[in-house]
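What follows is each chain in one-letter form.
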Amino acid sequence: QVQLVESGGGLVQAGGSLRLSCAASGRTFGPNAMGWYRQAPGKQRELVAVISSGGSTNISDSVKGRFTISRGNAKNTVYLQMNSLKPEDTAVYYCNFRNGLYNFWGQGTRVTVSS
């Protein structure tokens, strides 16, 4: 029903910035939430940030003050602006879409932060 494609990952030095994008297609109408999760080597997948179709946001304490989540004007895209990156941010980042009944995942984009 919904397809998600992430982009923007790559290699960056500590203190640098990256902007991740997620493009959604399909049946994306109605109340929903889109978010970013990440999975680091040897760790469980964890929530990074989420934004609802109404604009409310929730950001993980581990990235609060450094990362910002936002939606495009058409509500079919979501962005994650990552500033002041740390080596601990190294992970595969996954885009997520969910409503009251379903949830969908993108294929992931890799972020590597070097010291």
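Please refer to the structure higher up on the page.
Bear in mind the structure is a predicted one, so any value in this text is a computation, not a measurement. (Residues numbered from 1 in each chain as written. Predicted model: local features only at pLDDT ≥ 70, side-chain atom pairs only at ≥ 80, totals over all residues. Heavy atoms only, no water.)

A. Structural context of the overall build of the protein chain. Across its full length, the protein chain carries zero helices and 11 strands. Starting at the N terminus, the α and β elements of the protein chain follow one another as β-β-β-β-β-β-β-β-β-β-β. Computed over its C-alpha atoms, the radius of gyration of the protein chain comes to 13 Å, within 12% of the 13 Å expected for a compact globule of 115 residues. Seen through its C-alpha atoms, the protein chain measures out along the principal axes to roughly 40 × 25 × 20 Å. Considering the protein chain as a whole, with its 115 residues, one finds that 41% of them fall into the buried category. Long-range contacts, defined here as pairs at least 24 residues apart, represent 53% of the contacts in the protein chain between residues at least 6 apart. (Helix = DSSP H or I, 4+ residues; strand = E, 2+ residues; numbered from the N terminus. Rg over C-alpha atoms; globule rule 2.2 N^0.38 Å. Buried < 20%, exposed > 50% of the residue type's maximum accessible area, 1.4 Å probe, protein only. Contact = heavy atoms within 4.5 Å.)

B. Representation of the packing of aromatic side chains within the structure. Taken as a whole, this structure holds two aromatic pairs when the rule is applied. Pairing Tyr 37 with Trp 105 gives two aromatic rings, centres 5.0 Å apart and planes at 70°, and the pair type is edge-to-face. With Tyr 37 in strand S4 (residues 33-39) and Trp 105 in strand S10 (residues 103-105), the pair connects residues that are 68 residues apart, well separated along the chain. Note on Tyr 37: relative accessible area 18%, which makes it buried. Residue Trp 105 is classed as partly exposed on the basis of its relative accessible area, which comes to 34%. Stacked on the ring of Trp 105, the Lys or Arg Arg 45 has its end atom at 4.8 Å from the ring centre. (Phe/Tyr/Trp six-rings, centres within 6.5 Å; stacked < 30°, edge-to-face > 60°. Lys NZ or Arg CZ within 6 Å of the ring centre and 35° of its normal.)

C. Local environment of the pattern of salt bridges. The final tally for this structure, using the stated rule, is four salt bridges. Glu 46 is the partner of Arg 38 in a salt bridge, and the nearest nitrogen-oxygen pair spans 2.9 Å. Since its relative accessible area comes to 7%, Arg 38 is described here as buried. Assessed through its relative accessible area of 35%, Glu 46 is described here as partly exposed. (Salt bridge = Lys/Arg side-chain N within 4 Å of Asp/Glu carboxyl O.)

D. Molecular detail of the pairing of strand S1 (residues 2-7). The side-chain alternation of S1 yields one buried face, formed by Val 2, Leu 4 and Glu 6, and one unburied face, formed by Gln 3, Val 5 and Ser 7. Bridge count between S1 and strand S3 (residues 18-26): six bridges; the pairing is antiparallel. Bridge pairing links Val 2 to Gly 26 in S3. (Pairing = 2+ DSSP bridges.)

E. View of the sheet that holds strand S8 (residues 77-82). The antiparallel open sheet is built from four strands, whose spatial order is S1-S3-S8-S7. On the outer flanks of this sheet lie S1 and strand S7 (67-71), each paired with one strand and no other. Averaged over all pairs of adjacent strands, the angle between their axes in this sheet comes to 15°, without regard to strand direction. (Axes fitted to C-alpha atoms, helices over the stretch in contact; angles between N-to-C directions.)

Shape is all these values report; function is a separate question.
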